[in-house]
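Examination of the molecular architecture
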Amino acid sequence: MADEYFFALTLKGKSSQVWDPEAKGAEDYQGGHKLIIKQVLLGPEATEGEVNVVQVEAMTWKDSVKIPVATLKAGGPNNQVLLDLSFPDPPVTFSLIQGNGPVHIIGHHLIGSPLEEFDEMDELEEEMIDDEEGEEGAEDGIDRKRKISNGKSKEEEEEEDEPKTKKAKTTNSTKGKTPVKNNAKAKK
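Residues numbered from 1 in each chain as written. Predicted model: local features only at pLDDT ≥ 70, side-chain atom pairs only at ≥ 80, totals over all residues. Heavy atoms only, no water.

1. Some remarks on the overall build of the protein
What counts, and what does not: Numbering of helices and strands starts at the N terminus; helices are DSSP runs of H or I of at least 4 residues and strands are runs of E of at least 2. Exposure is judged per residue with a 1.4 Å probe applied to protein chains only, and the accessible area is read against the type maximum: over 50% gives exposed, under 20% gives buried, and values in between give partly exposed. Every residue pair with non-hydrogen atoms within 4.5 Å of one another is taken to be in contact. All accessible areas in this document rest on Shrake-Rupley with a 1.4 Å probe, and a residue is counted as covered only by the protein chains that are shown.
Along its length, the protein carries three helices and eight strands. Counting only residues that meet the buried cut, the protein has 26% of its 188 residues in that class. Restricting the contact set of the protein to residue pairs at least 6 apart, pairs at least 24 apart contribute 77%. A total of about 14,000 Å² of accessible surface is found on the protein, and carbon and sulfur atoms cover 51% of it.

As structure tokens, this is what we get:
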């Protein structure tokens, strides 16, 4: 299970901040760290009419990329941006490349479970598998005992218990007469 924590930082002037929990000596976690950015917004003291641009530098699967993720303008409808950005690999650098801010970045910091917890989970899974195999063997033994005691399998007993359905007799009559009566008239 991952733990989830609130994440926030503020950029002012031409500043940068780095999110890198692993560099701060965080514990070794199986799931690692993941950052999800949900919103970027200007503070109330931002200069009206000024454009503020937030840039992110993060790792892709091959190399590092720098890209603007939010353009904000104070005093207008563009003073906040809703996002859904996920950064599974630290470090992530947030920079205010244009404007003086303040710009607030809000999201979630997800932390995977410690390695010891995953070791315990592996042991529990192995025990559960062993228990299931033991139960299946016990059920097979019960079916064998039933077959031996009766001399018949469970399926054979179920077939005997089902009611037998009667088949309707069909006749080759013409005009509602039975064949017996037709044969009697033919003999006369």
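2. Let's talk about the sheet that holds strand β7 (residues 92-98)
Operational definition: At least two DSSP bridges between two strands are required for those strands to pair. A fitted line through C-alpha atoms represents every axis, and for helices the fit uses only the stretch in contact; the resulting angles, taken between N-to-C directions, go from 0 to 180 degrees.
Ordered by their spatial adjacency, four strands build an open sheet running β2-β7-β4-β5, and the pairing between neighbours is antiparallel. Edge positions in the sheet fall to β2 (16-19) and β5 (64-73), since each of these pairs with one other strand and no more. Taking each pair of neighbouring strands and ignoring which way they run, the sheet shows an average axis angle of 20 degrees. Across five bridges, strand β4 (residues 51-59) lies against β7 in antiparallel orientation. Bridge pairing links Q55 to S95 in β7.

3. Quick look at the sheet that holds strand β3 (residues 33-42)
Hydrogen bonds between backbone groups are what pair the strands of a sheet, and the pairing can be parallel or antiparallel. Strand order in the open sheet formed by four strands is β1-β8-β3-β6, with antiparallel pairing between adjacent strands. Edge positions in the sheet fall to β1 (3-11) and β6 (80-87), since each has one partner strand and no second. Averaged over all adjacent pairs, the angle separating strand axes in this sheet is 20 degrees, with direction ignored. In this structure, β1 lies alongside strand β8 (residues 103-111), joined through nine bridges in antiparallel fashion. The partner of D3 across the bridge, within β8, is I111.

4. Points about the packing of aromatic side chains
To be explicit about the condition: Only centres within 6.5 Å qualify two rings of Phe, Tyr or Trp (six-membered ring in Trp) as a pair; their planes then separate them into stacked at under 30 degrees, edge-to-face at over 60, and tilted for everything else.
Counted by the stated rule, this structure contains two aromatic pairs. When the ring of F7 is compared with that of F94, the centres are 6.4 Å apart and the planes differ by 35 degrees; the resulting orientation is tilted. Here F7 is found in strand β1, whereas its partner F94 is found in strand β7, with 87 residues between them in sequence. Look at F87 and F94: their rings are 6.3 Å apart centre to centre, the planes differ by 85 degrees, and that puts the pair in the edge-to-face class. Of the two residues, F87 and F94, neither departs from the other in class, the shared state being buried. Members of the aromatic cluster, joined through ring pairs, are F7, F87 and F94.

5. What to know about the environment of V81
In this fold, V81 is placed in strand β6. Residues V81 and I105 lie 24 residues apart in sequence; the distance between their C-alpha atoms is 9.8 Å. Ignoring any residue separated from it by four or fewer positions in sequence, one finds V81 in contact with K38, Q39, V40, A70, T71 and L72.

6. Observations regarding the environment of W61
Residue placement: W61 occurs in the loop between β4 and β5. On the accessibility criterion, W61 (77% relative accessible area) is exposed. Remark: the alpha-carbon pair of W61 and D89, spanning 28 residues in sequence, is separated by 9.5 Å.

7. Some remarks on the pattern of salt bridges
How we decide: Each salt bridge in this description consists of a side-chain nitrogen of Lys or Arg and a carboxyl oxygen of Asp or Glu lying within 4 Å of one another.
Taken as a whole, this structure holds one salt bridge when the rule is applied. In this structure, the salt-bridge partner of D84 is K38, at a minimum N-O distance of 3.2 Å. Taken together, the residues span a long stretch of sequence, with D84 in strand β6 and K38 in strand β3 at a distance of 46 residues. Owing to a relative accessible area of 34%, K38 belongs among the partly exposed residues under this scheme.

8. Examining a negative patch on the surface
Counted only if it meets this: Exposure above 30% relative accessible area and no salt bridge define the residues that can form patches, which grow by joining like charges within 9 Å and nonpolar side chains of Val, Leu, Ile, Met, Phe, Trp and Tyr within 5 Å. Neither His nor the chain termini are counted; the positive set is Lys and Arg, and the negative set is Asp and Glu. The location of each charge is read from NZ of Lys, CZ of Arg, CG of Asp or CD of Glu.
Among the surface-exposed residues, E125, E126, E127, D130, D131, E132 and E133 lie close enough to one another that they form a single negatively charged patch. Structurally, E127 can be placed in helix α1 (residues 115-150).

9. A few points about the confidence of the model for the protein
Where we set the bar: Scored from 0 to 100, pLDDT records how confident the predictor is in each individual residue.
Looking at the protein, pLDDT values average 74 and 59% of them are 70 or higher. The weakest mean pLDDT in the protein belongs to helix α3 (residues 179-187) at 50; the strongest belongs to β7 at 94.

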